[in-house]
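Residue-level listing of the chains:
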Amino acid sequence: MEGERGRSEVQSLLEAIKASKVIESRISIINQLGDSDLSEKSDLPPLAESLTVFWEDYTCSGISQCMLNKSILHVAAKLLELDISNCLSQFLILGTKASIWCVKHLQMTVTSIDESQDEKHSNLFCQLVLDSLSFSYATFSALTRSPNFGEKVLMLNVENFILEQLNLTKASISEIKRIHSIASEVLKMAQVVLDAAIKLCRVYSQAIKWDSYVVNTDEDENSMNNQRVDNVTHIINIVTCTIENLYELGILAASGGGNLVTILNISWKGVVTLLQLGKGALADKINIGDVIQTLISLATESLRCTAELWSSASKETLTIVEAKRSFLPIKFYLINAVRICSQYPSQALGVYKEISLCVLMISAFGISLSKETHLKAASESLAEFLEPTSFLLLLTLLNSAEVKHDSKLQILDWLFSDESLSNSMHREEIISTVPNPTASLGEIFRVNCEALPRTRKLLLGQVVLFLDLLKSSPDLREEVVLGISTKLGCLFDFLIDEEVYSSILVLHVPVLSSSGPTPELSWNPMFSYVLHALKTFMVVATATLAWDEVESFLLTNFFHPHFLCSEIVTELLCFLVRHSEIEMANDIIDRLCSLFKMMPLSESALLRCFSLRKMARSISIILSYATESTIDRVYSSILSDDRSHSSAIMYNALLMEGFPLNLLSDNLRKISNQRILTAFCAFIENTGEILVVDGSSRSRSSVGLPVHALASLLLCPQINNFNLDEKSISGALKFTVAVIHEYKNASNTSHKDQCSKLLSQVLEIISNIKHLYANDHMEELILELHTLFVAGPFASDIWLYQCKPALASFMAGLSHMDIAEGEGSKISSAVWELYHMLLRERHWAFVHLVLNSFGYFAARTSCNQLWRFVPPDAALSFDKETGSETSEERFMSELKAFLEKEAALVVHPCKEQLGLLRKDGLELKRTFSNDLNVESEVPGPQIMEIDDEEQVMKKRKVPDGINEGMGLLQSGLKAIGDGLTWWKQQQDDSNELQEEFSSHISCLQDVISHLVRLADRD
């Protein structure tokens, strides 16, 4: 009875509403309807249908109509709390009509707000929008509680409902700034509605089996359950609709500033979440590439605005908090792009250029920030927040199993093309496109995909990205490692650029290390980062097919014309020899030695500028990391034929470039050291004969080889205070004086150049043998040096400049000598004036060397009047601004800073320093370009030079007595050798004496062999 009475009451109220023609009466009756007992399920269908009919679609006639619609939504929302399964379509239609009506009248109401018309009506409409959003949320919740599949009409109503609710949400957000009175409420309700829509899509997706749908998509439609197809199609439609609207909302929220952060967050996270549904079935419905490209565009545009803001702002130091706050939304975009790319790598491949360009921009931006001291925090934040995420964006494509190998190579080719380098432009064009160091940071983000192959704005970014790929090679697929190995030459092409060259040598960059439990950020020299990345790649490549490419790259570039590239190759080969298996290390060294022996061998090849010396230097450095047995083997192979002219040339080239004699085995080291010392002593004893050279009979590079050899030997860290007897010490000092006299008497520039080189080497020898400074002949040498460099007519000779570095080392050693101070002392005056001359030098290299020398001297000398050693016009006494005013205090300050190395670890170099290195790099690049057009050294003429020399030697008739003496010497040497062998077999206690005999006999054998070779040339 109670139920029938309730139904009768509801029915009568509905009839009254239909009969009423006055809106106010309808509102009152509908409100009564809302207060009635609506618990009977049978009442819901007619009631829901009536409410839908009562909602009027025509233009809003005023405040009364808004109140009517508001009352309808109030009653409908109350009904949603009941079981509406038998009338769900009516509620969906009502919600759809309400949303369409609200969107239709939103613009009109917003305009009236701006014009301050009918404020009460506008406020009521705004409340109606909130009620409509609230009703949407309630309906979504009802659908989520009981997913309903079956009737096509119902599914169509659901699709229309979702579309219009999201349209209303989107329209409300777009006008959020103009409905400020309810802005916060709209934001809250919009977030709730979007959450509910996303949840609905997930629940519906979980209600079906996607696997069976994916499997059956290629089968005949008649073989599938039509209902299942309709259900899947329905879900794809609502998910697609939701993604598209969330996508548009995400773009809208990105331009809305900080007030729409919550909408931005839920929109893009919703897009990513929903794209993960359906096991790839959405790829044909959604343009995945557009979504990724949009996220990338939002990230780069935000970065551009941030960069321009920092460029235009004052030079105040940016804080870590400010930098991270600026980068957080950018990282948000990139993370979502990474997630989509990992889910849809094949679709992401369609926008690989945009992805790659974004990564390049961020890498280039990071390098630009590291150049600015006040933006150090930004550089660190970018390295910690953005660079790993952006790099992961590229890595998802390169490491994906779904992306074909050819496509991966295409990405690498596009990223690391040589079209932007010098071989694609004229030199004048290269110079005109040098990046402007004063340009806005935002210019980096104005580069488009079409401009990348030729623009040089992102060149540093390309270098950093390539290094990141090398460093990440342990995580890359083997096919990608192989592809990268073919691009190693491209890295060297980049390094030749003057902008890259200067940055590599000077810059420190923040590097994120994940070796420990937590990632740590540290500032490392960029050059070290280059080496570390290449070494990491080498380790990975050794176990793959890429090793052949790496090995070929190393050997091909061993003679690279650009010194930076050749230094890198040498360091990599040192790393290989130090850490690889013995067989591999020996194989590399054997190849280099074979190549070394094949080079043109003449005495002129010993000049520093020739390739023989350059290769000897590299081999010597590499051997310093080899095993003792390997170094012994190389040493013995070079000296396998004592009578060979080529062997002597190679031997001397290696000695002049620092062959690691100290790493030879004990016995071989003693023999080599004694051999060098014996040759040196023999050389300085024949001073008069050796120094009279007119340049016509002997190459000027071959004079003084024993001196060069001993000087190189003394540079070994474990060989110092070389023991010379008193006779040899006096001979060395007398020889130095003789060289000075020969220089003064030299009649041509070639002879002067030769003498200056010889003087430089012998001064280096003296500076490394400290007890030489105690000899009585040292004072004579100091006076002769003073006459040559200061007091005499030769002080301004350009050839003496190459002696000044060695002179600085020699002067430092004077601290081990007792110098009598006083006005009347010639020695002290000479030392003062020599230091005056050196300290006046203004070239930065000389300044560095002389300060190092004077600092060493000042710290150890017994002299008390150090001020006498510093001239008033020393280079560092002048002020930096005008360069005309001098100050003793300024010099002492600079000296103190140098000695304390206050400026030795500057993380951020000054722009002036970068500019100077940029000029040097440009000059090196020009030289490199010229070298490419010039043929390499041709061995033919050099061989002819040897032939000519032999012809000259053959014209010299050796007396018969000398030949007879040679035979007697050889016979005597054989007898001594036999006696020594018998002695060793006796097993007595004279082992030490036997070793000393063996060493001297070995040196004697060298001398006799050399004499025999000279005699044989007759």
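Parameters at a glance
Residues numbered from 1 in each chain as written. Predicted model: local features only at pLDDT ≥ 70, side-chain atom pairs only at ≥ 80, totals over all residues. Heavy atoms only, no water. Core = buried A, V, L, I, M, F, W, Y, C linked by side-chain atoms within 4.5 Å. Buried < 20%, exposed > 50% of the residue type's maximum accessible area, 1.4 Å probe, protein only. Helix = DSSP H or I, 4+ residues; strand = E, 2+ residues; numbered from the N terminus. Contact = heavy atoms within 4.5 Å. Phe/Tyr/Trp six-rings, centres within 6.5 Å; stacked < 30°, edge-to-face > 60°. Salt bridge = Lys/Arg side-chain N within 4 Å of Asp/Glu carboxyl O. Patch = residues over 30% accessible without salt bridge, like charges linked within 9 Å, V, L, I, M, F, W, Y side chains within 5 Å. Areas by Shrake-Rupley, 256 points an atom, 1.4 Å probe, with all protein chains shown as cover. Polar contact = N/O pair within 3.5 Å; in protein donor to acceptor, adjacent residues only side chain to side chain. pLDDT = per-residue confidence, 0-100.

Turning next to the nonpolar core. Of all hydrophobic cores here, the largest spans 306 residues; its most connected members are Phe365, Phe596 and Phe810. The element contributing the most residues to this core is helix H8 (residues 183-206), with 13 residues. Residues within four places of Phe596 in sequence aside, it is in contact with Leu612, Met615, Ala616, Ile619, Ile638, Met650, Ala653 and Leu654.

Okay, the packing of aromatic side chains next. Scanning the entire structure with this criterion turns up 24 aromatic pairs. With a centroid separation of 5.5 Å and an interplanar angle of 50°, the aromatic rings of Tyr835 and Phe857 are classed as tilted. Of this pair, Tyr835 sits in helix H37 (residues 826-839) while Phe857 sits in helix H38 (residues 844-860), placing them 22 residues apart in sequence. With relative accessibility at 0%, the residue Tyr835 sits in the buried group.

Here we take up the pattern of salt bridges. Inspection of every chain in the model, using the stated rule, returns 24 salt bridges. Where Arg304 meets Glu301, a salt bridge forms, and the shortest distance between an N and an O atom there is 2.4 Å. On the criterion of helical spacing, the pair formed by Arg304 and Glu301 is a turn pair, its members being three residues apart in helix H12 (residues 288-312). Here Glu301 falls in the partly exposed class, since its relative accessible area comes to 37%.

Bringing a nonpolar patch on the surface into the picture now. On the surface, Phe559, Leu595 and Met598 cluster together into a nonpolar patch covering about 300 Å² of accessible area. Along the chain, Phe559 turns up in the loop between helix H24 (547-556) and helix H25 (563-579). Under the relative-accessibility criterion, Phe559 is labelled partly exposed at 35%.

Let us look at the side chain of Lys408. Looking at the element boundaries, Lys408 is found in helix H17 (residues 405-415). A polar contact is formed between the side chain of Lys408 and the side chain of Glu479, at a distance of 2.5 Å.

On to the confidence of the model for the protein, then. Of all residues in the protein, 78% attain a pLDDT of 70 or more, and the chain-wide mean is 80. A low-confidence stretch, residues 692-701 stays under pLDDT 50, and its non-local contacts, those more than four residues away or across chains, total 15 contacts. Within the model, the stretch residues 935-956 combines pLDDT values under 50 with 19 contacts to residues more than four positions away or in other chains.

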